[in-house]
Amino acid sequence: MELPAECDGLFRAPQSLVLEAHVPSLAAYRERYRRSVEEPHEFWDDVAKEFYWRSQHSGPFLKYNFDVTKGKIFIEWMKGATTNICYNLLDRNVNEKKLGDKIAFYWEGNEPGDSMKISYSELLHKVCQFANVLREQGIKKGDRVSIYMPMIIELVVAMLACARIGALHSIVFAGFSADSLCERILDSNCSLLITADAFYRGDKLINLKQIADEALQKCKDKDSPLKNCIVVKHLGREEELVSDGICSKSPPLKRLCQDVQEKETESSKRFHPKTPWNSHVDLWWHELMKNASKECEPEWCDAEDELFILYTSGSTGKPKGVVHTVGGYMIFTAATFKYVFDHHPEDIYWCTADIGWITGHSYLTYGPLANGATSVLFEGLPIYPDVSRMWSIIDKYQVTKFYTAPTAIRLLMKYGDEPVKKYSRKSLKVLGTVGEPINPEAWLWYYRVVGEERCPIVDTFWQTETGGHVLTPLPAATPMKPGSATFPFFGVVPAILDESGEELEGEAEGYLVFKQPWPGIMRTVYRNHQRFETTYFKKFPGYYVTGDGCKRDKDGYYWITGRIDDMLNVSGHLLSTAEVESALVEHSSISEAAVVSHPHPVKGECLYCFVTLRDGQKFTTALMDELRKQVREKIGPIATPDYIQHAPGLPKTRSGKIMRRVLRKIAKNDRDLGDTSTVADPAVINHLFSNRCETVL
Ligand code: WT7
């Protein structure tokens, strides 16, 4: 007998989904889970067998040490085996699985009506061509290539071309500033940058090449080995369309068409300024591709060779270069994609994340392509040109599996049900969320309005560091509870520890840790293995420490309660309080800054900043604007402060440590401060309470 969708606070998948599911019941999940942790070698070897290996591993399938007291931390899956991830994602799908004509990506541009598609064989050809271009540029196995691009097909081509020749890509989200890009290029010693001329985010023009140039100038001042910059003509492509007489309905193109009619010669300059060009450094992508061969022998890599670097915030302020390796990352992203989205060949899958974040790496590129999936790659914004955009795309492509962030759900929820109901969501089968805890209200709206009470929601908990999902429901197997990431994925063994490092059983709350490696876990911090050990393994020897707090309920469900270190999560993106503080104190008027997270109805959390001025300086609106600008320039728009309060003094312990716990309460106007006996000067607290910043900037 089929249970109703909701019963005792648990939500279940409809029978239609269960019937076709890879894992159709909780019992089936439990059985497979048991095997995955008791016999990890056998379990993961079965997954690995789906892929092409040039040669098999020579030593043990898994070798690791998770205990700092016993020596160096290391994790090795299938060391000695050789393969190529790009070959497995493309050549294997085209040649062995005969998926050459299958669509790999439907690309949907910022402007409705601006779209294209690319098949597996077309993608393979482009990747081979660009891999040959990279080789011609002297890029070899192990070299680092920095990629700073909008959400366009060439971004996927660039990353897979790196993977094909064994070079490491380091993708920097196109919303980061020149300073952030420069810092990342230098840290990983990149020898090439790939970018694009410009793009529109909504109706805002982003001159990406100009920002990249600023970053390169800063790098040059610091002796970077980076010599060349390859530039995709993205907006320029549209100009060519217009000059061919094709006018589109889309606002920027329409604007351009009008410009063309009004003022022929100046038109393209007004549409977007001419791409700044330095012929000693810059190369056009399309010119390099013109004569490149469509055949390219892949570089056969060890399973434990480095695949990519992706920077994530660190609590000291300096971003950490998280390193993932070829073999483990491949099988883990492939398996999580298959089971968590219950993938089937006819699915149309859409992940809205930017490829600049780990979600875009694992669940827009590697995981879906490893499964021969068809995905939507969306360049634009959820509410541009109107608040129905997402739902219109779901309808247009008949999306079956949809993966987005709680912040986007909360944003769209604000506009009510009508914009959603304007379009059909009949095609949808599974919904997913990632990035931060989802509040039950948003969960229920997503479930009822978007999914019409038919689609299970997979609330996937994971991190840049974990490579893929670690706590997650499986859509047809796991009865869901709104707001809970439910149970561990195969091969993942969570535990909850108390402050002294004791494992807590049953119902409990404490530190979320993992007891043994899964194939997709990061292997090191780039060129700083010690930081890897200190950040993740030192606090509780023998465990990987996530930095998140977690609760387990009486039914064994896991609930993430949020970060317990000095990190905050703005719209699903981690920032450290330290990096924002250091951007603020670089301003000549500021002597000290303390930043805390503050609840925000859409972003989840936002930044509330306390700043102490240097002697003789005045706290003015102009100064606030300068500080906001400074943070945007140092880090990027995601880090823009929402509140800035003047703090003549900050609450500190006698040893001088800023008490952020107290500052968080002040920001919320919550006078229930708990124990303040350790505050060196209690008078500052009252002063801060009476001068709270009430309005969002
Ligand atoms: C942090 C990792 C993983 C891709 C996006 C973010 C928070 C992530 C969830 C979730 C509650 C979540 C955690 C985690 N987080 N997913 N489903 N429920 N919290 O990657 O930038 O490395 O951030 O995001 O705090 O530690 P990231």
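Above this text is the structure in question.
As the structure is a computational prediction, the values presented were derived from the model and not from experiment.

K.L.:
Help me understand the overall build of the protein chain, please; the structure alone is not making it clear to me.
P.N.:
Summing up its helical and strand segments, the protein chain has 23 helices and 33 strands in all. The C-alpha atoms of the protein chain give 25 Å as radius of gyration, which agrees with the globular expectation for 697 residues (26 Å, within 12%). Counting only C-alpha atoms and orienting by the principal axes, one finds that the protein chain spans roughly 70 × 70 × 55 Å. In the protein chain, buried positions account for 61% of the 697 residues. Considering only residue pairs separated by 6 or more positions, the protein chain has 73% of its internal contacts joining residues 24 or more positions apart. Counting every atom, the protein chain has about 27,200 Å² of accessible surface; 49% of that belongs to carbon and sulfur.

K.L.:
What is the right way to read the packing of helix α20 (residues 577-585) against helix α21 (residues 621-634) from this model?
P.N.:
In a packed pair of helices, the relevant descriptors are the angle between the two axes and the axis-to-axis distance. Interaxial distance between α20 and α21 falls to 9 Å at its minimum, and their mutual angle equals 125°. One way to sum up the angle between α20 and α21 is to call them oblique. Note on packing geometry: the crossing formed by α20 with α21 is right-handed. Contact residues: α20 offers V580, A583 and L584, while α21 offers L627, Q630, V631 and K634.

K.L.:
Even after reading the chapter, I still don't get the site of the ligand, so can you show me in this structure?
P.N.:
The full set close to the ligand counts 19 residues, and D459, T460, T464, D548 and R563 are the nearest of them. At 2.7 Å from an oxygen atom of the ligand is found a side-chain nitrogen or oxygen belonging to R563. For the ligand, whose unbound accessible area comes to 560 Å², protein coverage reaches 95%. Contributions of two or more residues to the shell around the ligand are made by α14 (358-370), β22 (457-460) and β28 (558-563). Looking at the shell around the ligand, its residues break down into 7 nonpolar, 7 polar and 5 charged.

K.L.:
Quick question: what am I supposed to make of the sheet that holds β28 here?
P.N.:
Strands belonging to one sheet form pairs held by backbone hydrogen bonds; the direction of such a pair is parallel or antiparallel. The strand order β24-β23-β25-β27-β28 describes an open sheet built from 5 strands, whose pairing is antiparallel. This sheet does not close on itself; its edge strands, each paired only once, are β24 (503-504) and β28. Sheet analysis places strand β27 (residues 544-552) next to β28, joined by 5 bridges and oriented antiparallel. In the sheet register, C550 faces β28, and the bridge partner there is I560.

K.L.:
Help me understand helix α15 (residues 389-397) in this model?
P.N.:
Two residues of an α-helix separated by three or four positions point the same way, owing to the 3.6 residues in each turn. Within α15, 7 of the 9 residues are buried, leaving the element largely enclosed by the surrounding structure. Buried within α15 are the following residues: R389, M390, W391, S392, I393, I394 and Y397. Downstream of α15 by a residue or two, Q398 has a phi angle that is positive, lying close to 55°.

K.L.:
What am I meant to see in unusual backbone geometry here?
P.N.:
Of all residues except glycine, most have a negative phi; of all peptide bonds, most are trans. Each neighbour pair has its own omega, and for Y384 with P385 the value is -5°, a cis peptide bond. Inspection of the secondary structure assignment puts P385 in the loop between β19 (374-378) and α15. Even without a glycine there, the phi angle at N189 is positive, about 55°. Tracing the sequence through the fold places N189 in the loop between α7 (178-187) and β10 (192-196). Using a relative accessible area of 30% as the deciding quantity, one classes N189 as partly exposed.

K.L.:
Just to check I follow, could you spell out the environment of K603 for this structure?
P.N.:
Among the secondary structure elements, K603 is positioned in the loop between β31 (590-600) and β32 (604-613). Relative accessible area serves as the criterion here: at 22%, K603 is assigned to the partly exposed category. Expressed as a C-alpha distance, the spacing of K603 and V570, which sit 33 residues apart in the sequence, is 5.6 Å. Within the structure, K603 has its side chain in polar contact with the side chain of D642 (distance 3.1 Å).

K.L.:
In this structure, what is going on with the packing of aromatic side chains? I would like to understand it.
P.N.:
Aromatic rings in a pair are described by how distant their centres are and how their planes are angled relative to each other. Applying the stated criterion across every chain, the model contains 50 aromatic pairs. When the centroid spacing of 5.4 Å and the interplanar angle of 55° are considered together, the rings of F43 and F490 count as tilted. Here F490 lies in the loop between β22 and β23 (494-497) and F43 lies in helix α3 (residues 40-48), a separation of 447 residues in the sequence. This pair shows no difference in class: F43 is buried, exactly as F490 is. Cation over ring: K481 sits above Y557, and NZ or CZ is 4.4 Å from the ring centre. Its end group placed over the ring of W559, K551 keeps NZ or CZ at 5.9 Å from the ring centre.

About the criteria used
Residues numbered from 1 in each chain as written. Predicted model: local features only at pLDDT ≥ 70, side-chain atom pairs only at ≥ 80, totals over all residues. Heavy atoms only, no water. Helix = DSSP H or I, 4+ residues; strand = E, 2+ residues; numbered from the N terminus. Rg over C-alpha atoms; globule rule 2.2 N^0.38 Å. Buried < 20%, exposed > 50% of the residue type's maximum accessible area, 1.4 Å probe, protein only. Contact = heavy atoms within 4.5 Å. Areas by Shrake-Rupley, 256 points an atom, 1.4 Å probe, with all protein chains shown as cover. Axes fitted to C-alpha atoms, helices over the stretch in contact; angles between N-to-C directions. Parallel < 35°, antiparallel > 145°, perpendicular 65-115°, else oblique. Left-handed = near helix turned anticlockwise from the far one by under 90°. Near = heavy atom within 4 Å. Polar contact = N/O pair within 3.5 Å; in protein donor to acceptor, adjacent residues only side chain to side chain. Nonpolar A, V, L, I, M, F, W, Y, C, P; charged D, E, K, R; others polar. Pairing = 2+ DSSP bridges. Phe/Tyr/Trp six-rings, centres within 6.5 Å; stacked < 30°, edge-to-face > 60°. Lys NZ or Arg CZ within 6 Å of the ring centre and 35° of its normal.

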